[in-house]
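Fold and contact review
One letter stands for each residue in the lines below.
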Amino acid sequence: MPDIEQLTRDARSDLEAAATVAELEAAKVAHLGRSAPLVLLLRDIRELPPEDRGRVGKAGNVARKELEALAASRHDALAAVELDDRLRADAIDVTLPARSMPRGTLHPLTQTRRLLEDIFLGMGYDVVDAPEVESEWYGFTALNTPVGHPARNPSDTFYVAGHDADAGANDDALILRTQTSTAQLRAMQLRKPPLYVVHPGRVYRRDDIDATHSDMFHQMEALAIDEGLTLAHLKGTIESFLHRLFGEELDVRLRTHFFPFTEPSVEADVQCFSCRGTGDPSAEDAASGAFDRCRVCRGEGWIEIMGAGMVDPNVLGVVDGYDPERYSGFAFGIGIDRVAMLRHGFPDLRMLFQNDLRFVRQFAGRP
Ligand SMILES: [Zn+2]
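Every value quoted in this text rests on a predicted model; they were computed, and no experiment measured them. (Residues numbered from 1 in each chain as written. Predicted model: local features only at pLDDT ≥ 70, side-chain atom pairs only at ≥ 80, totals over all residues.)

A word on the overall build of the chain
- If you tally the helices and strands in the chain, you get twelve helices and ten strands.
- What you see for the chain is a C-alpha radius of gyration of 42 Å, clearly larger than the 21 Å of a compact globule of 367 residues, by over 25%.
- In terms of principal-axis extent, the alpha carbons of the chain reach across some 125 × 60 × 40 Å.
- Buried positions account for 30% of the 367 residues belonging to the chain. (Helix = DSSP H or I, 4+ residues; strand = E, 2+ residues; numbered from the N terminus. Rg over C-alpha atoms; globule rule 2.2 N^0.38 Å. Buried ≥ 20, exposed ≤ 12 C-beta atoms within 10 Å, placed from the backbone.)

Structure below.
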């Protein structure tokens, strides 16, 4: 018969010697597991002579309880030590200096677009979105641009799908829109008058690719439709907008022009903010002798800034709820890239799209 005291001493010694939770588990299996001598002794207690059963059973159970309690308390102690070790190994030293992350900045075009949006939001306009891939209907037909108009030619416009060279037009064909005026119809279909919206976005033209143009550029379209709007409202809005853009009261002049979707149409010029309309070079340029006239307006005294006009009644009539007998409206489009060039005084629009960090970083943090 196994010696219970000896078994207990061995088990106690192994449980106490275990240095990790894993070692403790192994000792528990050896001394308290199903095939441990003490456990087997208790299981087979009936095989002992009857006079021994009570004494051995009692001593065995006492020993087992003691060993189980010892194993439990050793487990708690070892687990706590191991948790401490893991926490120490994973510790984050908050006193270390941070790794510096390169910090981005808003592109000068984004800065300018947001400035334009802010000005119009301040005048009560909403900013709306519109697709860049448009149907011929939105791009031309609904904007009063007839079949045969040069803008509809694939040499001027990027066709994405469905261009029908024989028919000359297919209202369902897809184009990259050539102007943000496509947003006019989109906004009118979504909202009822009165309507005051602006839409900034990208436009695409094949015919503008040359040394100083880009086949992609940015415009902002403004559209106002209400009862009783006249050319005077258009002029007042343009003046108010340009004054806020350039931060001062510069003269604005309207010249007659033609756009298919406005009647009458005008082009708006703003007095040159650099020479104040004189056409003279800046003091610095004059001193250097490199320029004999204003660099910004090329001596003209005026800067061409936008196309505008009263919305053609044919365009109003395209959308339900916009009765041309009741409503009138005006629209204008302004080149966002061009405004950025004017504000920051860089010479080539394409610099905006070349992603040269030396160029764009100059505008970091500017409003
Ligand atoms: Zn000038």
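Continuing now.
What to know about the nonpolar core
- Within the largest apolar cluster, 54 residues are counted, with the highest numbers of intra-cluster contacts made by Ala-222, Leu-223, Ile-238, Ala-308 and Phe-332.
- Those residues in contact with Ile-238 that lie beyond four places of it in its chain are Val-252, Ala-268, Ala-308 and Phe-332.
- Judged by nonpolar contacts, the second largest core, of eleven residues, contains Ile-4, Leu-24, Ala-27 and Leu-38. (Core = buried A, V, L, I, M, F, W, Y, C linked by C-beta atoms within 7 Å. Contact = placed C-beta atoms within 7 Å.)

What about helix α5 (residues 108–122)?
- Spanning 15 residues, α5 covers 21 Å between terminal C-alpha atoms, matching the ideal 21 Å at 1.5 Å per step.
- Among the residues making up α5, those that are buried are Pro-108, Thr-112, Arg-113, Leu-116 and Phe-120. The buried residues of α5 occupy an angular sector of 135 degrees when projected down its axis, which confines them to one face.
- The elements touched by buried residues of α5 are β5 (195–204), β6 (216–226), α11 (336–344) and α12 (357–360).
- Directly after α5, the chain includes Gly-124, whose backbone phi takes a positive value near 95 degrees. (Expected span 1.5 Å × (residues − 1). Arc of directions from axis to C-beta.)

A short note on unusual backbone geometry
- Here the amide bond leading from Pro-193 into Pro-194 is cis, since omega sits at 0 degrees, within 30 degrees of zero.
- Relative to the assigned elements, Pro-194 resides in the loop between α7 (182–190) and β5.
- Positive phi, normally seen in glycine, also occurs at Arg-276, with a value near 55 degrees.
- Relative to the helices and strands, Arg-276 is located in the loop between β8 (262–271) and α9 (283–288).
- If you check the backbone angles, Arg-298 has positive phi at about 55 degrees while not being a glycine.

Concerning the sheet that holds strand β3 (residues 159–161)
- The strand order across the open sheet built from three strands is β2-β4-β3, with neighbouring strands paired in antiparallel fashion. For this open sheet the edge positions go to β2 (133–135) and β3, each flanked by a neighbour on one side alone. Strand-to-strand twist across the sheet, computed as the mean angle between neighbouring axes with direction ignored, equals 40 degrees.
- Bridge analysis of β2 against strand β4 (residues 174–176) gives three bridges, and the strand direction is antiparallel. Its bridge partner being in β4, Ser-135 is matched across the sheet by Leu-174. (Pairing = 2+ DSSP bridges. Axes fitted to C-alpha atoms, helices over the stretch in contact; angles between N-to-C directions.)

Some thoughts on the environment of Asn-170
- Looking at the secondary structure, you find Asn-170 in the loop between β3 and β4.
- The partly exposed category is assigned to Asn-170, around which 19 C-beta atoms lie within 10 Å.
- Between the alpha carbons of Asn-170 and Tyr-204 there is a distance of 19 Å; along the sequence they are 34 residues apart.
- For Asn-170, the contacting residues outside a window of four places in its chain are Glu-136, Gly-162, His-163 and Asp-164.

Observations concerning α11
- Taken together, the buried positions of α11 are Ile-336, Asp-337, Val-339, Ala-340 and Leu-342.
- Against the buried residues of α11 lie α5, β5, β6, α8 (231–246), β9 (302–311) and β10 (328–335).
- Gly-345 occupies a position one or two residues after α11 and carries a positive phi of about 70 degrees.

Brief notes about the sheet that holds strand β1 (residues 126–127)
- The strand order β1-β5-β6-β10-β9-β8-β7 describes an open sheet built from seven strands, whose pairing is mixed. Since the sheet does not close on itself, it has two edges, and those belong to β1 and β7 (252–259), each with one partner.

Focus on the packing of helix α2 (residues 21–32) against helix α4 (residues 50–90)
- Where α2 contacts α4, the axes come no closer than 9 Å and their chain directions differ by 170 degrees. As summarised for this structure, α2 and α4 are arranged roughly antiparallel, according to the angle between their axes. Contacts between α2 and α4 involve Val-21, Leu-24, Lys-28, His-31 and Leu-32 on the former and, on the latter, Arg-64, Leu-67, Glu-68, Ala-71, Arg-74, His-75, Leu-78, Ala-79 and Glu-82.
- Taken together, the residues of the contact of α2 with α4 break down into seven nonpolar, two polar and five charged. (Parallel < 35°, antiparallel > 145°, perpendicular 65-115°, else oblique. Nonpolar A, V, L, I, M, F, W, Y, C, P; charged D, E, K, R; others polar.)

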